[in-house]
Amino acid sequence: VGTSSGPVAVHLAYASLTLATDAHLPYQRVNTATDYDTAGFPHYLAFNGTNTAYVTPSIDFTGTDKMTVWAGVTKLSDAAAGILLESSANTNANSGSFYITAPESPGASSLAFKSRGSLNPTPVNLFGNAAPLSRVVTALGDIGGDVETIRADGTSNTITQDQGTGNYGNYPLYIGARAVTSLFLNGRLYSLIVRGAATPLPQIEAVETLIRQKMRLP
């Protein structure tokens, strides 16, 4: 133990500086933006919260009013509302659509899910999920049954309210923002599965376990 009261120089070489949500991962050699270790590390889509998003061609879910969605996600900020995924350009305006947000509103510690038919209900929120965090999220929609459920790492919340009538629509799936123009996600997406059907709990849990393994969560 030194006794000097003067300044002390400390030199660190090859330090592993990472987010708390990544602290369980092994040391990753990073040399440049294009030269780094990838073997054994989880791959993901990175969203910067300002202009990064993706969109698919239209996906036809008009034959079903049941929906199951799994996503492996890291939420990096709660400063602004962020769309993780959304069917159609705006669920609030379009019948037969759904979204998952991370978070639902600025400053919220929530993950949220909205499912709708001809009516526009409020979303179901799962609070206690303040950023930064990594979660396996599952959302269950049932238009005819008026049920919205969201799960994250075994904790769930369900609400029942009138979603109106009809099935889900034939819309593009927007990933990381609303219509690639607003509510940009600040986070990462490791895995995404969208199934236009109800799913039994054992299968839900099996898929959640698989995603956790792919994300290398402890």
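Preceding this paragraph is the structure being described.
Residues numbered from 1 in each chain as written. Predicted model: local features only at pLDDT ≥ 70, side-chain atom pairs only at ≥ 80, totals over all residues. Heavy atoms only, no water.

> Sorry, what's going on with unusual backbone geometry here?
Peptide bonds are mostly trans, and most non-glycine residues show a negative phi. With an omega of 0°, the peptide bond running from Ala102 to Pro103 counts as cis. Secondary-structure assignment places Pro103 in the loop between strand S8 (97-101) and strand S9 (111-116). The step from Ala131 to Pro132 runs through a cis peptide bond, and the omega angle for that step is -5°. In the Ramachandran plot, Asp146 falls in the positive-phi region, its phi being about 60° despite a non-glycine side chain. Structurally, the position occupied by Asp146 is in the loop between strand S11 (133-142) and strand S12 (147-152). (Helix = DSSP H or I, 4+ residues; strand = E, 2+ residues; numbered from the N terminus.)

> What is the right way to look at the pattern of salt bridges in this model?
One side chain can pair with another of opposite charge once the charged atoms of both are near each other. Tallied over the entire structure, the rule returns seven salt bridges. Notably, a salt bridge pairs Arg178 with Glu86, separated by 3.0 Å at the nearest N-O pair. You can see Arg178 sitting in the loop between strand S15 (173-175) and strand S16 (186-195) and its partner Glu86 sitting in strand S7 (residues 83-87), a full 92 residues away along the chain. This pair shows no difference in class: Arg178 is buried, exactly as Glu86 is. (Salt bridge = Lys/Arg side-chain N within 4 Å of Asp/Glu carboxyl O. Buried < 20%, exposed > 50% of the residue type's maximum accessible area, 1.4 Å probe, protein only.)

> Would you mind going over helix H1 (residues 201-215) with me for this structure?
Three- or four-residue spacings in an α-helix give side chains the same orientation, since the helix completes a turn every 3.6 residues. The terminal C-alpha atoms of H1, which comprises 15 residues, lie 21 Å apart, in line with the 21 Å expected from a rise of 1.5 Å per residue. If you check which residues of H1 are buried, you get Ile204, Val207, Glu208, Ile211 and Met215. The buried side chains of H1 occupy one side of the element, clustering within an arc of 105° when seen end-on. Seen from the open side of H1, the exposed residues pointing more than 90 degrees away from its buried face are Pro202 and Gln213. (Expected span 1.5 Å × (residues − 1). Arc of directions from axis to C-beta.)

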